[in-house]
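Observations on chain architecture
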Amino acid sequence: MNFPAPLQLSIGVDFQPFSDEVKYSILGVSVFLFLVAVGILGWQIHRYCTRTRPHGIGNGFLRTGDEPATKGVVGKEIPMPDFKVTSLSRLSVSPLFKLPIPAGSATSTEVGRMQDETQRLSRCLSAGSLPSNSGSVEADGLAEDGLAEDSGEEDRIRGSLRFSLFYDQLRSRLVVTVLGAQRLPTRDFSCSVDPFVHVRLLRAVPGEEDGEGAADEAACCVLHEWRSRLVKGCSSPAFGDEFSCTLAKDEVPSVTVRMEVRDFDRYSRHGVLGEIRAPLDGLDISYPLEVTEDLAAPRKDQVGKVLLSLRYLPISQRLEVGLLKVRAFCRQVANDKALYARICVVCNRRKLQHQSTSLRTRWDVTVFNETVTFTLPDQPVRECAVTVSVYEVAAGRKSSRRLVGQAALGKAWGSEDEHWRLMMRSLRQTVARWHPLYI
């Protein structure tokens, strides 16, 4: 067979093998790398075999010798109780979360100290001590500006707010300017914050006596409320928003400016970073007065009352909540406004069911006389709470709602337990009582 000349030339080429020097060099490098790998493997095996293991129960809660155990589960340095065990054979262990007590060697003082330390650790490890996002909220369920319990919220309050106040005597107008905030705390999961400021003008109203002869606590009326612009991703925002309203001169001393700094959340309730309260009584605001004040933990203000009735039917497992009357402490009543209520049943901070009432024209005392029924199993009823959120909307047209106030009652709420207990003692009977509305 005849091949072309170039192909015959390429086939005829005889490649020469590597020289002996190159072969021995490659072999030496391979042997060196193999010895290095064997050395590393032997070192790891030696470390694993000679590593000292802690004796006792858990991850360093018990120790021997004089060196305290400070390593946690993930290797973090955490303070541990100074438990010292001289001999494991002399240790008698009680049930879970009970303290191990050395037999015959610990004094009563040491046992008491160890018991206190164990109770503190059990509280830290319990599910109920996990942090929550409770506080003032602005959504449905445990609803905006809700009455959720505070869980260490005061420890997370930090930052300051800068604002100015001015009362124009010629025009009888109060001007509130939100200038900015500094050093606001950020969210743990995103390391950012989207702050805005909710401003309310509160006017103190004299206390009244309810039907049982008990005097109401200090109450107030919401005259005006505004909301500043949103600044995203900034812990020291500059707002520069100015709000004004007409206010008589003789009413100025009874007015308090309440400013809440909130963290905007599109998909959940807004978090409250803190609040500032500026009573106008005693302040000279005839000229613009600029103030910088540290944020404080938010507090609730009573803005009205609601008459609720409860009835529990154990056989059919039904809870009937009746909304009878709503009275808001307001200076003036606009007949073009309407009220409705949203009633929710919450168990273990989880919203189970909710229902809304019909719209009613707002008066000094708005009468509803409506009853909503919830079908629940027996066990959750005894452990649940009921929240009633009253909202205001423009009558006859769709508009954004405004929270008037919220009341809560049930086993989870301290001052409202009496009504709940009375309902559980008076099965199949309707029990009515007034409750304060907070905001």
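Heads up: the structure comes first, above all this text.
Parameters and conventions
- Residues numbered from 1 in each chain as written.
- Predicted model: local features only at pLDDT ≥ 70, side-chain atom pairs only at ≥ 80, totals over all residues.
- Heavy atoms only, no water.
- Core = buried A, V, L, I, M, F, W, Y, C linked by side-chain atoms within 4.5 Å.
- Buried < 20%, exposed > 50% of the residue type's maximum accessible area, 1.4 Å probe, protein only.
- Helix = DSSP H or I, 4+ residues; strand = E, 2+ residues; numbered from the N terminus.
- Contact = heavy atoms within 4.5 Å.
- Pairing = 2+ DSSP bridges.
- Patch = residues over 30% accessible without salt bridge, like charges linked within 9 Å, V, L, I, M, F, W, Y side chains within 5 Å.
- Areas by Shrake-Rupley, 256 points an atom, 1.4 Å probe, with all protein chains shown as cover.
- Salt bridge = Lys/Arg side-chain N within 4 Å of Asp/Glu carboxyl O.
- Axes fitted to C-alpha atoms, helices over the stretch in contact; angles between N-to-C directions.
- Arc of directions from axis to C-beta.

Observations concerning the nonpolar core
Formed by 40 residues in total, the largest nonpolar core has its most connected members in Val 321, Leu 323, Val 326, Val 386, Val 388, Val 390 and Trp 420. Contributing elements (two or more residues each) for this core: strand 6 (219-227), strand 11 (302-313), strand 12 (318-328), strand 13 (337-347), strand 16 (365-375), strand 17 (385-394), strand 18 (402-410) and helix 6 (417-425). Setting aside residues up to four positions removed in sequence, Val 321 forms contacts with Ser 309, Leu 310, Ile 343, Glu 370, Thr 371, Val 372, Phe 374 and Val 386. Of all hydrophobic cores here, the second largest spans 36 residues; its members include Val 231, Phe 239, Met 259 and Ala 278.

Here's the deal with the environment of Tyr 391
Within the secondary structure, Tyr 391 sits in strand 17. Its relative accessible area of 0% is what places Tyr 391 among the buried residues.

Things to note about the environment of Ser 286
Its place among the elements puts Ser 286 in the loop between strand 9 (271-279) and strand 10 (289-294). Given a relative accessible area of 38%, Ser 286 falls into the partly exposed group. Between the C-alpha atoms of Ser 286 and Tyr 167, which are 119 residues apart in sequence, the distance is 5.4 Å. Ignoring sequence-local partners within four residues, the contact set of Ser 286 consists of Phe 166, Tyr 167 and Gln 169.

Looking at the pairing of strand 11
For strand 11, the tally of buried residues reaches eleven of twelve residues, placing the bulk of the element in the interior. The pairing of strand 11 with strand 19 (residues 431-438) spans eight bridges and is classified as antiparallel. Each bridged residue has a counterpart across the sheet, and for Leu 310 the counterpart in strand 19 is Val 431. Pairing geometry for strand 11 and strand 12, over ten bridges, is antiparallel. Paired with Leu 307 across the two strands is Lys 325, which belongs to strand 12. In this antiparallel pair of consecutive strands, strand 11 and strand 12, the connection spans four residues, and Gln 317 shows a positive phi of 55°.

Observations regarding a nonpolar patch on the surface
A contiguous nonpolar surface patch, about 650 Å² in accessible area, is contributed by Tyr 24, Leu 27, Val 31, Phe 34, Leu 35 and Val 38. Checked against the element boundaries, Val 31 lands in helix 2 (residues 20-50).

Some points on unusual backbone geometry
Look at Asn 369: it is not a glycine, yet its phi comes out positive at around 55°. At Arg 428, a position not held by glycine, the phi torsion is positive, near 65°. In this fold, Arg 428 is placed in the loop between helix 6 and strand 19. The exposure class of Arg 428 is partly exposed, given its relative accessible area of 45%.

Considering the sheet that holds strand 4 (residues 173-182)
Read from one edge to the other, the open sheet built from four strands follows the order 7-4-3-10, with strand pairing classed as antiparallel. Edge positions in the sheet fall to strand 7 (238-246) and strand 10, since each of these pairs with one other strand and no more. Ignoring which end each strand starts from, the neighbouring axes of this sheet average 20° apart. Here nine bridges tie strand 3 (residues 160-168) to strand 4, and the two strands are oriented antiparallel to one another. Residue pairing in the sheet places Leu 161 in a bridge with Ala 181 of strand 4.

Examining helix 6
Along an α-helix, residues three or four apart share an orientation, since each turn contains 3.6 residues. Along helix 6, the positions that sit buried rather than exposed are Asp 417, His 419, Trp 420, Met 423 and Met 424. For helix 6, the arc enclosing every buried residue in end-on projection is 165°, short of the 170-degree limit, so these residues lie on one face.

Focus: the pattern of salt bridges
Overall, the coordinates contain 18 salt bridges when judged by the stated rule. Across the pair Glu 260 and Arg 262 runs a salt bridge, and its minimum N-O distance is 2.7 Å. Glu 260 sits in the buried class, given a relative accessible area of 1%. Given the relative accessible area of 1%, Arg 262 is considered buried. The salt bridge partner of Glu 418 is Arg 425, with a shortest N-O separation of 3.7 Å.

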